[in-house]
Each structure stands twice: as structure tokens, then as C-alpha cells.
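Listed below are the residues making up each chain.
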Protein chains: 2
Amino acid sequence: MKPSKPVVEDYLKTIYAHTEWQADAITPSALAVRLGLAPSTVTEMVKKLAAAGLVSHVRYGAISLTETGRAKAVAVVRRHRLVETWLVREMGYSWDEVHDEAEVLEHAISDRLLASIDERLGHPDRDPHGDPIPAANGSVRRERAVLLEEAERGHTGTVLRISDRSSALLRDLEASGIDVGSTVSVDEGAVLLGSTRVELPADAGTAIWLSA
Amino acid sequence: MKPSKPVVEDYLKTIYAHTEWQADAITPSALAVRLGLAPSTVTEMVKKLAAAGLVSHVRYGAISLTETGRAKAVAVVRRHRLVETWLVREMGYSWDEVHDEAEVLEHAISDRLLASIDERLGHPDRDPHGDPIPAANGSVRRERAVLLEEAERGHTGTVLRISDRSSALLRDLEASGIDVGSTVSVDEGAVLLGSTRVELPADAGTAIWLSA
DNA sequence: GCTACAGTTTCGGCATGCCGAAATCTGTCG
DNA sequence: CGACAGATTTCGGCATGCCGAAACTGTAGC
């Protein structure tokens, strides 16, 4: 598989991310927001991606990945998550520091180097935030998970995944004692961790996934 | 020090490389050849670099680095060589395989990650090809060295440095038993390694440096 | 069934980095 | 000293990725 330009990889990765834990295809405007670009820019790029067979898109409709596009996206995600895991396990990074570094390295690392890293780490299948690391063949382990925001009050589960998007949030959570693997119950705008009630920042609702 | 764009780093690195083992400033045409670009492109870019205070250049003249430019160039070289050392020492690369990977990673690695790598390796001061690794403060250990091509017949010295530019050459040399640290005598279009005469590829003359 | 509006696309424009052809300069040789 | 060769620069052009303003769609609500 030929490597794509960083910009293309970012588009594919973002489209993929949108469907990883939910189901629906992404709209151009949502994609623009996620990428921090103007909608018109996204329209143009999506047209090129469609011409390249990476994405399918009908005018005024939502965007989804083709098989080829999905394969490329998964490869980028694999690189990102293996790099994050490596940074934490071997290079002395904490989990809230790895995102930006991985964001750059995911576009720079060769297959050869990635294989070395994977090997050294013993082929891990989760990164430090609980995200599944796609296998080299593109298969991704999938679990039933509920976004905290969408969980009903009283729901109890273990924290399966915490988005690495905001490092401030990760530090907050760490300070509150919430980590991947913690068991919590959902309360109104907060969460019960054992017997203590923990208030959460506003963006936690869309960043934490619990087991069903 | 603000990071520069990859293109700018490549220009600075190449200008620096030209003066690292010799003395004279580089001409626009030589720079164009090294970078694989048209001379007109180099002229334009050099104008921008000069405006940014990274390079000094008078019309129709040679190009040299300002103090700021040198500092940035040295930082890139440091990243490149530390990455190469890391790839060989920890990631199972051989010395002829590291160049291309380092060429990409030198633009992608943060100061934070570089510091971790440096630390893990115990602050090495040479890379696998014998090139000095600039210190974090920008100082570079310098040795008296003679380019093989310019060494007189009969000159005997140890191999201090072998350019990593051509991996084919590195493999040839390895097969011939020539490595950094080998002691050789210069003969006509060849070299004496102990008592065996070793013919060298044409490009070896500009790739190998011997102790004076 | 029609209309309004939110979302999407088109269009002209801008910056960057590159190229080739043409103009210009410099140093050298006669 | 003057003209030539080779190096350098200028100039017009091209591709990419981005933007804002304006034109267009499709659907939700009346």
C-alpha cells in the first residue's frame, strides 16, 4: 500500500474516527470542524479523495470510506496508537503528553520502523488510553461500549477508553483517580467512583466510554 | 528556538553539511544539485532565507549560514544523527538502512522526544558512521580529517567517518571489511587494509575521511 | 405544495514551492 | 579591453491546499 500525503491521512483518519465508536457517516461540516478547516476546503478535498477511490460521496450527502480508504485510515490509526504506546512504555511520556507527538510521528514512521516498535512492545492490542490498536492486517478488536454522555443514570461499568484529544482532561481525570479500568456509576453530571462522587469537566461526556 | 519548515531545514542542513568537513561556502548551483532542485528555485528560496536572517548572500555570490542559521542547521544534524544512532542501537537497523528513515524523522521529532532518546543512549558523541553528534548547546567536536580522494598515496590512517549518503556503498564497504575505526593505507584507486588491497567504488573517494 | 434556512458547493483569490526559458551578470582569456 | 562561457537571477506558469463570499440544494415545517 502506497503511503499517502499527511493531509490525506488526516482526512481519512478523521473520517474513520467518527465511525469507530458510533455508526453514522460523517457530514462535510462535521469533518470541517474536526479538521479545523473551512467547509469549502473540505468539499474540494473530498472531491479529490473520491476521485482517488478512497472515499464515497454523493453531492450534498455524507462521506464514508471505501475499503481502500478504510485500510489506509486503519494503518494511520495503528501507527498513531503504537507510537503512543511506545512513548509511554519506553520513552518516559505520561499518557497526557503523547497525543501531539504521535500526531506528527504517525505520518513519518516507515513500515519497517513500525514493525520494530510493535515487536519491542510485544504486539500490544491497546494503547495507554484504552483504544484498540489495529492489527497489521487491518483487523480491529471491537467492544460494546457506551459513551458516558449517552449512558443512563445509574449505569455501572468499567472505563474502557478515554479520548486522548485533550491532555488537560486526561490530567484532571488522573487527579480524580479515574483511569482506564476504573469502575464507575453514572450520576447526574458526575460519576460515582467507589463511594466518592466525582464532578467531571464538560467535555468528559464525549471522551469517556464505559463497558455496556 | 522556533522550529522551521522541513524545506527550510533541508536547505540549512545542506549548506551546513558542505562546510562541515571542508571550508568554503557553497554556491547556488552546488546547492541546487545537492537538493535535486532547479537553480532558479534555489535562488528564490535563498532570498527568503536571507530575509529571515538565516543565511547571508550577496547577488551572484556564495551562500553561508548566519549564526542563527548555523544553530538551526546544527540542531537538525543533531536530530538526524541521534535518530540514526538510536535506530542502530535499539531498533535493529544496520548502518546502511538508517539514512532514509532519519531523513524523515529529523523533521518530525520534538525536543522532548529527542532528549529522551539522547538520554537512553547515554549522550553519544558519534553516530554509526563516525559523524560527530552536535551537543544540545550546538557545539560540535571537530577532528583533523582528510577526504580519501585528497589523501596522498601511501597515507595511512584510521577511518574516521563514512558518509551515509549511499547505502549501496556502505554495504560494499562492510563486505570488504572496512568500517569506522579500520586502519588503511591509500593506494592508487584502492586502499590497503592490512595486507589486502581493496578496490573501492568510484564514489568512495568523496565519502570516506581518514585521520590525518 | 411551498418556502426558508442550514448545509453544501462553486468560484475567485492567496501563499508556497517548484520549474523552464530568457535575461543578466562575472570573471577570464585573447 | 572586450567578448564569451558559465553561473545566477528574473519572470511567467503550474500544482497544492487553503479561505471567504456567493450561489445553490434538500428537507422540515407550515
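Conventions used here
Residues numbered from 1 in each chain as written. Chains lettered and ligands numbered in written order. Predicted model: local features only at pLDDT ≥ 70, side-chain atom pairs only at ≥ 80, totals over all residues. Heavy atoms only, no water. UniProt positions renumbered as here; feature names shortened; annotations may be inferred. Near = heavy atom within 4 Å. Polar contact = N/O pair within 3.5 Å; in protein donor to acceptor, adjacent residues only side chain to side chain. Helix = DSSP H or I, 4+ residues; strand = E, 2+ residues; numbered from the N terminus. Nonpolar A, V, L, I, M, F, W, Y, C, P; charged D, E, K, R; others polar. Contact = heavy atoms within 4.5 Å. Buried area = accessible area lost by both parts, 1.4 Å probe. Salt bridge = Lys/Arg side-chain N within 4 Å of Asp/Glu carboxyl O.

The name recorded for chain A in an unreviewed UniProt entry is Manganese transport regulator, from Mycetocola manganoxydans. Looking at chain A in UniProt, the text filed under Subunit (unreviewed entry) is "Homodimer." Quoted verbatim from the Subcellular location (unreviewed entry) field of UniProt, the annotation for chain A is "Cytoplasm".

Asker: Whenever I open this one, the protein's contact with DNA strand D confuses me. Can you help?
Answerer: In the vicinity of DNA strand D lie 22 residues, with Ala38(A), Thr41(A), Ser29(B), His57(B) and Arg59(B) positioned nearest. Taken together, the sugar and phosphate atoms account for 67% of what DNA strand D places within 4 Å of the protein. Taking Tyr60(A), its side chain carries an N or O atom lying 3.5 Å from a sugar or linking oxygen of DNA strand D. Between Arg59(B) and DNA strand D, the recorded distance is 2.5 Å, taken from a side-chain N or O atom to a phosphate oxygen. At the level of secondary structure, the elements contributing two or more residues to the surface near DNA strand D comprise helix 1 (6-20) and helix 3 (39-51) of chain A together with helix 2 (28-35) and helix 3 (39-51) of chain B. If one sorts the elements of the surface near DNA strand D by residue count, helix 3 of chain B sits on top with five residues. Class assignment of the residues belonging to the surface near DNA strand D gives a composition of eight nonpolar, eight polar and six charged.

Asker: Even after reading the chapter, I still don't get the interface of chain A and chain B, so can you show me in this structure?
Answerer: Often, the extent of an interface is quoted as the loss of accessible area upon association of its parts. Every contact between the two is made by 18 residues of chain A and, on the other side, 18 residues of chain B. Carbon and sulfur atoms make up 56% of the area that chain A and chain B hide from each other, which totals about 1500 Å². Contact with chain B buries area across many residues of chain A, yet Met91(A), Arg112(A) and Leu113(A) alone supply 34% of it, more than any other trio. We note a salt bridge from Arg112(A) to Glu97(B), for which the minimum N-O separation is 2.6 Å. Counting only elements with at least two residues in the side of chain A that touches chain B, the list comes to helix 4 (67-90), helix 5 (98-105) and helix 6 (111-120) of chain A. Of the residues forming the side of chain A that touches chain B, the biggest block, five residues, is contributed by helix 6 of chain A. The residue inventory of the side of chain A that touches chain B, partitioned by class, reads 10 nonpolar, three polar and five charged.

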